[in-house]
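Spelled out, the chains give:
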Amino acid sequence: MFFGNRTDAGRQLADRLGHLKGQDVVVLGLPRGGVPVAAEVADALDAPLDICLVRKLGVPRQPELAMGALGEGGVRVLNERVLRDAGVPEHDLAAVERREQQELERRVRRYRGSGLPLPLDGRTALIVDDGLATGATALAACRVVRARGAARIVLAVPVAPRGWTARLGGEADETVSVRTPDLFFAIGQFYRDFAQTPDTEVIDCLERNRSARVPVVRDEDVRVAVPDGTLAGRLAVPEGATGIVLFAHGSGSSRHSPRNRAVAAALNRAGLGTLLFDLLTEGEAADRARVFDTPLLSARLAGATEWLAGRPEADGLPLGYFGASTGAAAALWAAGDPGSRVAAVVSRGGRPDLAAERLGRVRAPTLLVVGGRDAPVLDLNRRALSLLRCESALVVVEGATHLFEEPGALEEAAELAASWFTGHLGGQ
């Protein structure tokens, strides 16, 4: 055995890749097992980590033989020689493509939500897996990455059989392997621990890399001045922020909401500032009538918006609203004011019915995110979508309930929000 586990393998592999440090490199792990290896390499090179989502198109009666591959962004690579030699008819190829495309999309949703892959145009793509056996997946990954515009491709693995580079047919510009044993039966024989990598570990690796690469120049408790008082808040602004999002929490919640804080962290990693603050004082929060007083909550949100707009951190930056549950009603109500300066709105599990009279006045692009198992709220949001007169969309997170407590549900909602805000605030 050469490696204790994938982390150990990644560290050993990183020692062979030091010459790439300081270059414009994107490290691409092949899910799932290649991602923890790639994470160690990305850390050592101080490089961004992403995934290379590839689905091999196997010949119908010889699935191990690749006749092509599919990748993100509609990339499709076919091996005409294999198709011809295997005599694969068009309808069989189409059936395989449909099946693999569905699996590719499932993995995209699981790992990225609505996030976009890192751009590769003109950059060095460093493809990393936990080992190479037949080379079919690695070959497909090289072709997909090349089709996405990478200027240079480096394929690196901890272990591969002797003579492995010949299997790539020159698709990679550089190849690196820590070990190339003569006796090679399976990748796992060279690891003490080769347990299957779960989806959660893939997501954690990506999140850790993003967090480490987003310096926050300001992250502090603040006192938010509004016309009728002062509210407690937390302001975080990443370096080079392209916008700032104000959070309107739901009933029974506050600026300390773990769900909103998780979403805020995802927005910070996407280069957006966030302001989480209490819409009510501690004494007011005990009054249930105030908790559902949408005009009052909206006025507080509008006051916080004016306060934030006057801060030096927000100078020239577009502002957005993220509302959860009843807080979404406040966000939509405030966005419907003719003088509103908000540039984008996202509602998670929102109650737009509490702002129905204002929906037709909202001009900011609005995204409604609802759990697929939150039937009453989903129905309310479908009705609200028909009342909105702005750019708008409704996205259902399958399997999620109202609080998005299911594994991966909140992460998907956060990615949807990050994509919406970066798309509508970044270009302001």
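K.L.:
Kindly report on the overall build of the chain, identifying the contributing residues and their values.
P.N.:
Along the backbone of the chain there are 14 helices and 16 strands. Against the 2.2 N^0.38 benchmark of 22 Å for 428 residues, the chain shows a C-alpha radius of gyration of 24 Å, consistent with a compact globule. Reported as C-alpha extents along the three principal axes, the dimensions of the chain are approximately 75 × 45 × 35 Å. Within the chain, the fraction of its 428 residues that count as buried is 54%. Relative to all contacts within the chain whose residues are 6 or more apart in sequence, the contacts with residues 24 or more apart total 67%. With an accessible surface of roughly 18400 Å², the chain has 48% of that area assigned to carbon and sulfur atoms. Side-chain charges of the chain comprise 51 positive and 54 negative groups, with the mean position of each set lying 2 Å from the other.

K.L.:
Now, about the packing of aromatic side chains: what can you tell me, with residues and values included?
P.N.:
Going through the model one piece at a time under the given rule, you end up with six aromatic pairs. With a centroid separation of 5.2 Å and 45 degrees between ring planes, the pair formed by Phe 184 and Phe 190 is classed as tilted. Grouping residues by exposure puts Phe 184 and Phe 190 together as buried. Ring geometry for Tyr 191 against Phe 194: centres 4.9 Å apart, planes inclined by 40 degrees, an arrangement best described as tilted. Using a relative accessible area of 31% as the deciding quantity, one classes Phe 194 as partly exposed. Three or more aromatic residues joined by ring pairs form one cluster here, namely Phe 2, Phe 3, Phe 184, Phe 190, Tyr 191 and Phe 194. The ring of Phe 194 carries Arg 6 above its face, with NZ or CZ at 4.3 Å from the centroid. Directly above the aromatic system of Phe 2 lies the positively charged group of Arg 179, at a separation of 4.3 Å from the ring centroid.

K.L.:
Tell me about helix H10 (residues 294-309), and name the residues and values.
P.N.:
For H10, which comprises 16 residues, the first-to-last C-alpha distance of 22 Å matches the rise-based estimate of 22 Å (1.5 Å per residue) to within 8%. Taken together, the buried positions of H10 are Thr 294, Leu 296, Leu 297, Ser 298, Arg 300, Leu 301, Gly 303, Ala 304, Thr 305, Trp 307 and Leu 308.

K.L.:
Quick one: what's the story with the side chain of Asp 129, residue by residue and with numbers?
P.N.:
Examined against the element boundaries, Asp 129 turns out to sit in the loop between strand S6 (124-128) and helix H5 (136-147). Those residues in contact with Asp 129 that lie beyond four places of it in its chain are Leu 30, Gly 33, Gly 34, Val 37, Ala 156, Val 157 and Pro 158.

K.L.:
I'd love a proper account of unusual backbone geometry, names of residues and values included.
P.N.:
Across the junction of Pro 31 and Arg 32, the peptide omega takes the value 0 degrees, indicating a cis bond. Phi is positive for Phe 404, which is not a glycine, with a value near 55 degrees. Its place among the elements puts Phe 404 in the loop between strand S16 (392-397) and helix H14 (409-425).

K.L.:
Can you lay out the pairing of strand S12 (residues 273-277) for me, pointing to particular residues and giving the numbers?
P.N.:
With five of five residues buried, S12 lies mostly within the body of the structure. Because side chains alternate across S12, one face comprises the buried residues Gly 273, Leu 275 and Phe 277, and the other comprises Thr 274 and Leu 276, equally buried. Relative to S12, strand S10 (residues 229-238) runs antiparallel, the two being bridged by four bridges. Counted as the bridge partner of Ala 236 is Thr 274 from S12. Chirality of the crossover, the property in question, places the unit of strand S11 (residues 244-248), helix H7 (residues 258-269) and S12 among those that are right-handed.

K.L.:
Describe the nonpolar core, naming the residues involved and giving the relevant values.
P.N.:
In terms of nonpolar packing, the biggest core is built from 46 residues, with Leu 13, Leu 17, Val 27, Val 41, Leu 49, Met 67 and Leu 126 touching the most fellow members. In terms of residues, this core owes the most to one element, helix H2 (residues 34-45), which gives seven residues. Met 67 has contacts with Leu 57, Gly 58, Val 59, Pro 60, Val 77, Leu 78, Asn 79, Val 82, Leu 83, Val 88, Leu 93 and Val 96, leaving out every residue within four places of it along the chain. Counting residues in each nonpolar core, the second largest holds 41 residues, with Ala 304, Leu 332, Ala 335 and Val 345 among its members.

K.L.:
How would you summarise the sheet that holds strand S7 (residues 152-159) if you had to cite specific residues and measurements?
P.N.:
Taken in spatial order, the five strands line up as S2-S1-S6-S7-S8 in an open sheet, and their pairing is parallel. With one partner strand each, in any of the chains shown, strand S2 (49-51) and strand S8 (174-179) form the two edges of the open sheet. Each neighbouring strand pair of the sheet contributes to a mean axis angle of 25 degrees, computed without reference to strand direction. Where S7 lies against S8, five bridges are found, and the strand directions are parallel.

K.L.:
Describe the pattern of salt bridges, listing the residues and the values that go with them.
P.N.:
Enumeration according to the criterion identifies 27 salt bridges in this entry. For Glu 100, the salt bridge goes to Arg 55, with nearest N and O atoms at 2.8 Å. Separated by 45 residues along the polypeptide, Glu 100 in helix H4 (residues 90-112) and Arg 55 in strand S3 (residues 54-59) bring together distant segments of the chain. Taking the relative accessible area as the measure of exposure, Glu 100 reaches 10% and is therefore buried. Here the salt bridges share partners, and the residues they tie into one network are Glu 207, Arg 210, Arg 269 and Glu 415.

Parameters and conventions
- Residues numbered from 1 in each chain as written.
- Predicted model: local features only at pLDDT ≥ 70, side-chain atom pairs only at ≥ 80, totals over all residues.
- Heavy atoms only, no water.
- Helix = DSSP H or I, 4+ residues; strand = E, 2+ residues; numbered from the N terminus.
- Rg over C-alpha atoms; globule rule 2.2 N^0.38 Å.
- Buried < 20%, exposed > 50% of the residue type's maximum accessible area, 1.4 Å probe, protein only.
- Contact = heavy atoms within 4.5 Å.
- Areas by Shrake-Rupley, 256 points an atom, 1.4 Å probe, with all protein chains shown as cover.
- Lys, Arg positive; Asp, Glu negative; His and termini not counted.
- Charge placed at Lys NZ, Arg CZ, Asp CG, Glu CD.
- Phe/Tyr/Trp six-rings, centres within 6.5 Å; stacked < 30°, edge-to-face > 60°.
- Lys NZ or Arg CZ within 6 Å of the ring centre and 35° of its normal.
- Expected span 1.5 Å × (residues − 1).
- Pairing = 2+ DSSP bridges.
- Right-handed = clockwise from strand over helix to strand, strands pointing away.
- Core = buried A, V, L, I, M, F, W, Y, C linked by side-chain atoms within 4.5 Å.
- Axes fitted to C-alpha atoms, helices over the stretch in contact; angles between N-to-C directions.
- Salt bridge = Lys/Arg side-chain N within 4 Å of Asp/Glu carboxyl O.

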